[in-house]
Amino acid sequence: MFTQIQNIDEFNAYFHQKTLHPYVGVGRLEWADLSLFDPTDFGMYCVILMDAEFGELTKANKSIIYKAGSLFSIRPGQVVSMDLDPSVRPKGYMLAFRPELLVKAGLGRDFYMFNFFTYDTLEALELSSEERTIMLRAFDTLVAELQTPSDHLTDHMIRLCIGHLLSYFKRFYDRQFVSDRQINSDLLIRLNSLLDEYLSSGQPIQKGQPTVAWCAEQFHLSPNYFGDLIKRELQVTAQEYIQEKIITTAKNMLKDSNLSVTDIAKSLGFSYPNHFTRLFHKKVGISPTLYRKEKL
């Protein structure tokens, strides 16, 4: 069982504070009622700065690794909980904003940039001391704006403050990609081998073509995170990379085997040979039959 929060008023009640904006709330974790850390679906987009290690963090039934000075995000529908350490007081900030804000304040125009909300990674973003200072300042600026008497610029300023905070989150998250480049390189080597083995194993006949979701699952990553990693490293989408591997395998089979085009399509997981022929022509520029004739 878990609690579902319906609105910002309910969110603010956990922090014993009044509501300053109908779609946005910011709370200090040290002021929160401890029931906040029970299994909860906040029904909102949230950014949490964990400024102390005060228990075991679980998100969507998965334990999340974090240290003091770490950021993590929640999207609507995810259940989060903490198994609190009674010897350590909670410390940090929590921003929550309703999905309606994406329309009501115009934040939705830039929201495509903040794809970290779609990632299901098992590790929070660890901040450097400088990055932590920047994020604390961004939280403080947003709180100050929420406390400013409302006027015709209020929604605009709040959108800017949240966009500013999320943009720094995005910058620091992308920095993690750079520092993990060797890890990413090793993953690509393993992915290449994984696809080669799968396509030559006979499994596609029963299980179909390898998908982005299937590849991501083999590395215990979410499809969105996996897709972004591939795009960043190879400048092509994960789907395009998989298709290129399929076409490369098909070329080798056309040159080195006597299998018919129909049998090759079936062995690569295509339910209909014409779908294989269409993809091959799109990627190579000629049909599989003509390619075989040219290579003989």
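Relevant structure appears above.
Below: a short report on this structure.

With respect to the helices and strands, Pro99 occurs in the loop between strand 9 (92–97) and helix 2 (101–104). With 170 residues separating them in the primary sequence, Pro99 and Gly269 have C-alpha atoms 39 Å apart. Setting aside its immediate chain neighbours within four residues, Pro99 contacts Gly43, Met44, Tyr45 and Pro76.

What follows is about the pattern of salt bridges. Overall, the coordinates contain seven salt bridges when judged by the stated rule. Among the ionic pairs, Arg132 bridges to Asp51, the shortest N-O distance being 2.8 Å. On the criterion of sequence distance, the pair formed by Arg132 in helix 3 (residues 129–147) and Asp51 in the loop between strand 4 (45–50) and strand 5 (55–59) is long-range, its members being 81 residues apart. Judged by its relative accessible area of 28%, Arg132 is partly exposed. Asp196 serves as the salt-bridge partner of Lys245, at 2.8 Å between the closest nitrogen and oxygen. Of this pair, Lys245 sits in helix 9 (residues 238–256) while Asp196 is found in helix 5 (residues 181–199), placing the two residues 49 residues apart along the sequence.

Next up on the list: the packing of aromatic side chains. Applying the stated criterion across every chain, the model contains 21 aromatic pairs. Between Phe11 and Phe15 the ring centres are 5.0 Å apart and the planes differ by 50°, which places this aromatic pair in the tilted class. Given the relative accessible area of 2%, Phe15 is considered buried. When the centroid spacing of 5.6 Å and the interplanar angle of 20° are considered together, the rings of Phe111 and Phe117 count as stacked. Residue classification places Phe117 among the buried positions, given a relative accessible area of 3%.

For the rest of this paragraph, the subject is the sheet that holds strand 8 (residues 79–84). Ordered in space as 1-3-8-5-6, the five strands form an open sheet in which the pairing is mixed. Two strands close off the open sheet at either side, each with one partner strand: strand 1 (3–4) and strand 6 (62–64). Here strand 5 runs beside strand 6; their pairing, made up of three bridges, is antiparallel. The residue of strand 6 that forms the bridge with Lys59 is Lys62.

Let us look at the sheet that holds strand 4. Pairing is antiparallel across the open sheet formed by five strands, whose spatial order is 2-9-4-7-10. The two strands at the open ends of the sheet, each matched to only one other strand, are strand 2 (24–28) and strand 10 (125–126).

Mapped onto the secondary structure, Phe172 falls in helix 4 (residues 154–179). Separated by 32 residues in the primary sequence, Phe172 and Asp140 have C-alpha atoms spaced 18 Å apart.

Our next topic: the pairing of strand 4. Counting buried residues along strand 4, six of its six residues qualify, which places the element largely inside the surrounding structure. Direction of pairing for strand 4 relative to strand 9: antiparallel, over a ladder of six bridges. Paired with Val47 across the two strands is Leu95, which belongs to strand 9. Where strand 4 lies against strand 7 (residues 70–74), five bridges are found, and the strand directions are antiparallel. Within strand 7, the residue paired with Val47 across the bridge is Ser73.

With 12 residues, helix 8 (residues 223–234) extends 16 Å between its outermost C-alpha atoms, agreeing within 8% with the 16 Å of an ideal straight helix rising 1.5 Å per residue. The set of residues buried in helix 8 consists of Tyr225, Phe226, Gly227, Leu229, Ile230 and Glu233. Gln235 occupies a position one or two residues after helix 8 and carries a positive phi of about 60°.

Quick look at helix 12 (residues 288–295) now. Along helix 12, the positions that sit buried rather than exposed are Pro288, Tyr291 and Arg292. Projected onto a plane normal to the axis of helix 12, the buried residues spread over an arc of 100° and lie on a single side. Opposite its buried face, helix 12 presents the exposed residues Lys293 and Glu294, each directed more than 90 degrees away. On the buried face of helix 12, the contacting elements are helix 9, helix 10 (261–267) and helix 11 (273–284).

Here is what the cut-offs are and how they apply
- Residues numbered from 1 in each chain as written.
- Predicted model: local features only at pLDDT ≥ 70, side-chain atom pairs only at ≥ 80, totals over all residues.
- Heavy atoms only, no water.
- Helix = DSSP H or I, 4+ residues; strand = E, 2+ residues; numbered from the N terminus.
- Contact = heavy atoms within 4.5 Å.
- Salt bridge = Lys/Arg side-chain N within 4 Å of Asp/Glu carboxyl O.
- Buried < 20%, exposed > 50% of the residue type's maximum accessible area, 1.4 Å probe, protein only.
- Phe/Tyr/Trp six-rings, centres within 6.5 Å; stacked < 30°, edge-to-face > 60°.
- Pairing = 2+ DSSP bridges.
- Expected span 1.5 Å × (residues − 1).
- Arc of directions from axis to C-beta.

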